[in-house]
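Each chain, letter by letter, is given below.
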Amino acid sequence: MEDVRVYGDFHRVSPELFEQVRDAIPFEQVAYDGDVLRLDHEGPYLMIDDFIERMAALLPENGYGNVEYIDNVEWEVIRYTIRGGRIETKRVKVDNVLDAHQREHGL
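Residues numbered from 1 in each chain as written. Predicted model: local features only at pLDDT ≥ 70, side-chain atom pairs only at ≥ 80, totals over all residues. Heavy atoms only, no water.

*Asks:* Is there a simple way to think about the pattern of salt bridges in this case?
*Replies:* Where charged atoms from two side chains of opposite charge come close, those side chains can pair. Considering all chains together, one arrives at five salt bridges under this definition. Here Arg 12 makes a salt bridge to Asp 35, at a shortest N to O gap of 3.6 Å. Linking Arg 12 in the loop between strand E1 (4-11) and helix H1 (15-21) with Asp 35 in the loop between strand E2 (29-32) and strand E3 (36-43), this pair joins segments that are 23 residues apart in sequence. Residue classification places Arg 12 among the partly exposed residues on the basis of a relative accessible area of 33%. Of the charged contacts in the structure, one is a salt bridge between Arg 22 and Glu 19, with a shortest N-O distance of 2.8 Å. Judged by its relative accessible area of 42%, Arg 22 is partly exposed. (Salt bridge = Lys/Arg side-chain N within 4 Å of Asp/Glu carboxyl O. Helix = DSSP H or I, 4+ residues; strand = E, 2+ residues; numbered from the N terminus. Buried < 20%, exposed > 50% of the residue type's maximum accessible area, 1.4 Å probe, protein only.)

*Asks:* I tried to follow the pairing of strand E6 (residues 86-93) on my own but got confused; where do I start?
*Replies:* On a regular strand, one side chain projects to one face of the sheet and the next to the other, so that they alternate. Pairing of strand E5 (residues 76-83) with E6 involves eight bridges; the strand directions are antiparallel. Residue pairing in the sheet places Arg 83 in a bridge with Arg 86 of E6. Between E5 and E6, which follow one another and run antiparallel, lie two residues, and Gly 84 among them has a positive phi close to 55°. (Pairing = 2+ DSSP bridges.)

*Asks:* Before we go on, may I ask you to explain the sheet that holds E6 in this structure?
*Replies:* Backbone hydrogen bonds are what pair the strands of a sheet, in a parallel or an antiparallel way. One open sheet accounts for six strands, arranged E2-E3-E1-E4-E5-E6; its pairing is antiparallel. Whereas interior strands pair on both sides, the edge strands pair on one side only; in this sheet they are E2 and E6. Direction aside, neighbouring strands of the sheet carry axes that sit 10° apart on average. Helix H2 (residues 49-58) contacts E1, E3, strand E4 (64-71), E5 and E6 of the sheet and is inclined by roughly 20° relative to E5. (Axes fitted to C-alpha atoms, helices over the stretch in contact; angles between N-to-C directions. Contact = heavy atoms within 4.5 Å.)

*Asks:* Honestly, the side chain of Asn 72 in this entry has me stumped. Any pointers?
*Replies:* Along the chain, Asn 72 falls in the loop between E4 and E5. In this structure the side chain of Asn 72 is engaged in a polar contact, spanning 2.9 Å, whose partner is the backbone oxygen of Glu 2. (Polar contact = N/O pair within 3.5 Å; in protein donor to acceptor, adjacent residues only side chain to side chain.)

*Asks:* Honestly, unusual backbone geometry in this entry has me stumped. Any pointers?
*Replies:* Most peptide bonds adopt trans geometry, and most residues besides glycine take a negative phi value. Although it is not a glycine, Arg 12 adopts a positive phi angle of roughly 75°. Even without being a glycine, Trp 75 presents a positive backbone phi close to 60°. Of note, Trp 75 is situated in the loop between E4 and E5. Classification of Trp 75 by relative accessible area gives partly exposed; the value is 36%.

Here it is, written out as structure tokens:
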């Protein structure tokens with residue numbers, strides 16, 4: 001099993017902004033279409049805080065991003081929401097997510 005799975009997307013990323021961050025992207029898989037930057041990593045632990053802070057600082061006013069950091073060892077999900085230059089994080093134990101889903105669907 002991989003240590004972590006990390007998926008993210010950033011919206012309203014101009015070509016100029018992409019060039020500014022291109023070499024600092026810590027993700028293995030990168031897809032950029034001229035407006036949306038999609039990132040993906042499955043493997044060993046990945047340090048992403050510096051990159052997320054940089055994106056928050058550089059995204060335009062109407063730009064936004066979301067990143068899901070799934071820690072398979074600690075069995076938790078860290079959700080990053082980037083809007084208006086701010087970063088909000090939420091930690092959720094995977095067991096709590098599964099328990100809530102099971103209660104909601106009567107499983």
